[in-house]
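# Examination of the molecular architecture
This is what each chain is made of:
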Amino acid sequence: MIRTPLRPLASILSARDKGENPDLIEAANIRQRMEARRDRDRQRAEIRLLVLALSFLAAFAVVGLRMGIMSASRPQEPKTERVARDILAQRADILDRNGAVLATNLVTNALYAQPPMMVDKPAAARGLAAIFPDMNADRLLAEFQSSRKFIWLRRKLSPEQQQKVYDIGEPGLLFGPREMRLYPNGRLAAQILGGTSFGRQGVKSAEIIGIAGVEHSFDRFLRDPANGGAPLRLSIDLTVQAVTRRVLAGGRKLLRAKGAAAVLMDAHTGEVVSMVSLPDFDPNKRPAPRAKGDPTDDPLFNLAAQGVFELGSVFKVFNAALALERGVATPQTMIDTKGPLKWAGFTIKDFHNLGPRLSLTDVIVESSNIGSANLARKIGVAPQQAFLKKLGLLKAVPLQLAEARQARPILPKRWSDLSAMTIAYGHGLAVSPLHLAAAYASVLNGGTRVTPTLLKVTTPPKPGPRVVSEKTSQALRKMLREVVLRGTASMGDVPGYDVGGKTGTANKPKPGGGYYQDRTVSTFASIFPARDPKYVLVVTLDEPVETSGPKPRRTAGWTAVPVAAEIIRRVAPLLGLRPAIDPAGTMEYTLSKY
Amino acid sequence: MRALLYLAATVLVIGLAYWAYNENYATQAQLKRVDQMQRQIASLRERLGVLHAEWAYLNRPARLRDLVQLNDPSLHLIPISGGQFRAVKEIAYPRVNPRDVTAPVDLSAALPPDPLGLPTRARGAVPVKVGPDDTGRTDAGRIDVSGVGSVFGDKEGLP
């Protein structure tokens, strides 16, 4: 670049000649130079600004674009840290208390069709109809030929069926992987487990949702990926459940009972070790609820937890407990049992005449309605109500089953003196066998309230609030043992296991009012071993009849008691209970041991 | 000097680019491997699930009960019952094997020397005799179970 001098000699000389100031020329030149530099600087600054602006624009564009992509795309876990989404099963297993599988998942396939991809539609329709008897070839063909692009054909396929569908060789028949819930033990614990069904379904997978039983009440837990597939451990013992079900099913058949229920509960922790309700169903093929008829006849109905009955004399124990607790009577106090007892136009009778007076122990042992009613009259309405409330008999059982929580006891509309008298011997208040088991456990385990649970209890829970004193509880245990030794439940004795219990036979109410004379609900509520109860067993039979004698017998002593005794005989060793054996080798029990 | 610096920087950039390129591909290869392994784990778990289910199905109580009934002629399995429990003292322990050692053995030499200097005899050491006792019974250590023989039935009679 040629630099213009500030004082060009030629211009200076000519200016001097003209008498002008030559400094002006220099100043003009300086100005010119300055202006040129300024222009250059401005241009450079403009370029820099432009570059800066462009880079900012690019940066913002990148950030914005990324945000847009992130918000529009499906969320994805970081690849490197992704552990298990597709490794873990979709739904956790359900185990029994010893770890045996009650419910697990099995991978299977669903079948769908994409008609546009089909090659030979009539052949596909014929082939499918041949594999699945419930499909109709003509109807299938009509569907394939319609404008539909996607048709679900089958939710679950067995491997054999899948192979047969493959063999059709139709490219338009496709399979979607599915998880299916499997209950390997079939009918065992059917009502406890409930069942599942598919929720939203896509091609790649389908949601499994619990629709009843434990599957429903623990649905959240079972589906929660945060649990890492940890199984749900129930308090049920599979072996015990199997034995209980078998004995109960045998008893139900022999006694021609419409339904049967058994609840075996730990007397201290409230764990339900076994709960059976017959008739039952196979949860692998859960039937639809019956639309008509008595809902209690439906196999889906859980008699043990949902069925509320007037359970009869088993309630006398609560009446006696209250009497002992309030000091109204001692086990030896003589109670008036002269009948029939007339009250407010209502007659209370005993099964047979028991004489004018009986001790409280004998009122329980001989199961005197009149004695119990007289005692209840002395106690009064309010204390009875408060006591039954404390035992949880006036509310639904807080078991982890939606079915149980809906089963509210049927209370008398107006709790009069007469109601109190009838409730004393188990009429006028309808509860479920589960209620009864929990209440028996509470009263007889030493007197602390027990809350039933279906989950395995790992740490021994704190004893619940006290419902009766230790002394009352002990006196009641002794009475219940005597019921078995010399009372109405004489068939209930199991050598070595020291069974105590109370029978209850209640006539069933007619739908229109009044009671059937030939339809009963027979119950045996028992504890074993009676000296220090570990378990409570309640067996309820709906409309049983025993016909070995000249007249049909329906009382619990002839129906529910032998069934319960057989259950105890088989189940107690499985529960790890050792029989108390006499050193002499005989297995007799004497009351002197109390 | 400046040229050298530029050269070094260029070489460094090329080197880093090469390293990053390599790392990128190595990472992708590892991710692919992880993916593959996870798929493998998934399929193995699935298989394990199937085996668990099968095991549970084969061990379902109803089937075991049928098997017990089927094999009754050879196995004679019966449900466990309270009558199968007995007290420990009723168990017939095996007969003590009589040994023919009749000569008295003096074990006093085996005792440690007494700090008080008492003679061993005074400390109660007696010659130990092993063998048939005076009553002629060879099973002196056995518990008398003759009274409970009937409980066991005839088949598993006492020795």
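Nothing here was measured: the structure is a model prediction, and the numbers come from that model.

## Details of the overall build of chain A
Each helix and strand counted, chain A has 19 helices and 18 strands in total. For chain A, the C-alpha radius of gyration of 41 Å lies well beyond 25 Å, the compact-globule estimate for 594 residues. Along the first, second and third principal axes, the C-alpha atoms of chain A reach 165 × 70 × 55 Å. Relative to its full complement of 594 residues, chain A shows a buried share of 44%. Taking contacts inside chain A between residues at least 6 apart in sequence as the whole, the part at least 24 apart equals 69%.

## What about the overall build of chain B?
Across its full length, chain B carries three helices and zero strands. Put simply, chain B has 159 residues, and 2% of those count as buried. Pairs at least 24 apart in sequence give 59% of the contacts found in chain B among residues at least 6 apart.

## Some words on the confidence of the model for chain B
Per-chain confidence: chain B averages 74 in pLDDT, with 65% of residues scoring 70 or above. ipTM for the predicted complex: 0.73, alongside a pTM of 0.74.

## Considering the interface of chain A and chain B
In this assembly, 33 residues from chain A lie in contact with 24 residues from chain B. Considering only residue class, the side of chain A that touches chain B consists of 20 nonpolar, eight polar and five charged.

## Examining helix α5 (residues 159–168) of chain A
Counting buried residues along α5 of chain A, only one of its ten residues qualify, which leaves the element largely exposed. At the C-terminal side of α5 of chain A, Gly169 of chain A shows a positive phi close to 75 degrees.

## Some words on the domain arrangement of chain A
All names here are of chain A. Taken domain by domain, chain A comprises domain 1 (94–233) and domain 2 (239–272 + 296–497 + 505–531 + 538–581 + 588–593). The centre of domain 1, based on its C-alpha atoms, is set 44 Å off from the matching centre of domain 2. Domain 1 puts eleven residues into the contact, and the matching count from domain 2 is ten residues. Elements with a contribution of two residues or more to the side of domain 1 that touches domain 2: α6 (190–193) and α7 (213–217). Among the elements that make up the side of domain 1 that touches domain 2, the one with the highest residue count is α7 (four residues).

## Focus on unusual backbone geometry
Residue and element names in this part refer to chain A. Cis geometry is found at the peptide bond from Leu278 to Pro279, where omega equals 0 degrees. Relative to the assigned elements, Pro279 resides in the loop between β9 (272–278) and α10 (303–306). Following Phe528, the chain continues to Pro529 via a peptide bond in cis, the omega torsion being -15 degrees. Secondary-structure assignment places Pro529 in the loop between β17 (515–528) and β18 (535–542). Positive phi is not limited to glycine here, since Arg256 has a value of about 50 degrees.

## Considerations on the confidence of the model for chain A
Averaged over every residue, the pLDDT of chain A is 87; the share at 70 or more is 95%. Low pLDDT (under 50) marks residues 583–594 of chain A, which in the prediction has 13 contacts with non-local residues, meaning those over four places away or in another chain.

## Quick word on the environment of Leu388 of chain A
Within the secondary structure layout, Leu388 of chain A lies in helix α14 (residues 381–390). When neighbours within four sequence positions are excluded, Leu388 of chain A is seen to be in contact with Phe318, Leu393 and Leu394 of chain A.

## What to know about helix α16 (residues 417–424) of chain A
For an α-helix, 3.6 residues make a turn, and residues three or four places apart therefore share a direction. Residue and element names in this part refer to chain A. In terms of residue burial, α16 counts as a mostly covered element, since seven of its eight residues are buried. Listed as buried for α16 are Leu418, Ser419, Ala420, Met421, Thr422, Ile423 and Ala424. Where α16 is buried, its residues touch α11 (316–325), β12 (341–343), β13 (346–348), α13 (369–379) and α14. Two residues or fewer after α16 comes Gly426, characterised by a positive phi angle close to 85 degrees.

## A short note on the packing of helix α3 (residues 121–131) of chain A against α5 of chain A
Residue and element names in this part refer to chain A. The geometry of α3 relative to α5 is characterised by a closest axis approach of 10 Å and an angle of 160 degrees between their N-to-C directions. On the basis of their axis angle, the class for α3 and α5 is roughly antiparallel. α3 and α5 meet at a crossing whose hand is right-handed. Listed contacts from α5 to Ala124, Gly127 and Ile131 of α3 are Gln161, Lys164, Val165 and Ile168.

## Side note on the pairing of strand β16 (residues 500–509) of chain A
Residue and element names in this part refer to chain A. Most of β16 is tucked away, with seven of its ten residues classed as buried. Relative to β17, β16 runs antiparallel, the two being bridged by nine bridges. Bridged to Asn507 within β17 is Thr520. What sits between β16 and β17 in their antiparallel hairpin is a turn of five residues, with Gly513 showing a positive phi close to 115 degrees.

## Observations concerning the sheet that holds β9 of chain A
Residues and elements named next belong to chain A. The five strands lie next to each other as β9-β8-β18-β17-β16, forming an open sheet whose pairing is antiparallel. Since the sheet does not close on itself, it has two edges, and those belong to β9 and β16, each with one partner. The average undirected angle you get between the axes of adjacent strands in this sheet is 10 degrees. Running at roughly 75 degrees to β16, helix α18 (residues 470–486) makes contact with β16 and β17 of the sheet.

## Here's the deal with the environment of Glu46 of chain B
Residues and elements named next belong to chain B. Within the secondary structure, Glu46 is located in helix α1 (residues 2–58). On the basis of neighbour counts, which here come to 17 C-beta atoms within 10 Å, the residue Glu46 falls in the partly exposed class. On a C-alpha basis, the gap between Glu46 and Gln28 in space is 27 Å, while along the polypeptide they are 18 residues apart.

## So, the nonpolar core
Residues and elements named next belong to chain A. Ranked by internal contacts, the top residues of the largest apolar core, which has 135 residues, are Ala262, Val263, Met265, Val443 and Ile568. No fewer than three residues from each of domain 1 (94–233) and domain 2 (239–272 + 296–497 + 505–531 + 538–581 + 588–593) sit in this core. Setting aside its immediate chain neighbours within four residues, Met265 contacts Gly270, Glu271, Val272, Val273, Ala437, Ala438, Ala441, Pro452, Tyr535 and Val536. By size, the runner-up hydrophobic cluster in this structure holds 13 residues, among which are Ala110, Leu140, Phe144 and Ile208.

## Here we look at the packing of helix α9 (residues 238–254) of chain A against helix α19 (residues 560–574) of chain A
All names here are of chain A. In the contact formed by α9 and α19, the axes pass within 9 Å of each other and the chain directions differ by 160 degrees. What the angle tells us is that α9 and α19 run roughly antiparallel. Classified by chirality, the crossing of α19 by α9 is right-handed. Judged by residue contacts, Thr239, Val240, Val243, Thr244, Val247, Leu248 and Gly251 of α9 engage Val563, Glu566, Ile567, Arg570, Val571 and Leu574 from α19. A per-class count over the contact of α9 with α19 returns eight nonpolar, three polar and two charged.

## Some details on the environment of Gly447 of chain A
With respect to the helices and strands, Gly447 of chain A occurs in the loop between α17 (433–444) and α18. When the C-alpha atoms of Gly447 of chain A and Ser473 of chain A are compared, they prove to be 5.7 Å apart, with 26 residues separating the residues in sequence.

Calculation criteria
- Residues numbered from 1 in each chain as written.
- Chains lettered and ligands numbered in written order.
- Predicted model: local features only at pLDDT ≥ 70, side-chain atom pairs only at ≥ 80, totals over all residues.
- Helix = DSSP H or I, 4+ residues; strand = E, 2+ residues; numbered from the N terminus.
- Rg over C-alpha atoms; globule rule 2.2 N^0.38 Å.
- Buried ≥ 20, exposed ≤ 12 C-beta atoms within 10 Å, placed from the backbone.
- Contact = placed C-beta atoms within 7 Å.
- pLDDT = per-residue confidence, 0-100.
- Nonpolar A, V, L, I, M, F, W, Y, C, P; charged D, E, K, R; others polar.
- Domains from an automatic or database assignment.
- Axes fitted to C-alpha atoms, helices over the stretch in contact; angles between N-to-C directions.
- Parallel < 35°, antiparallel > 145°, perpendicular 65-115°, else oblique.
- Left-handed = near helix turned anticlockwise from the far one by under 90°.
- Pairing = 2+ DSSP bridges.
- Core = buried A, V, L, I, M, F, W, Y, C linked by C-beta atoms within 7 Å.

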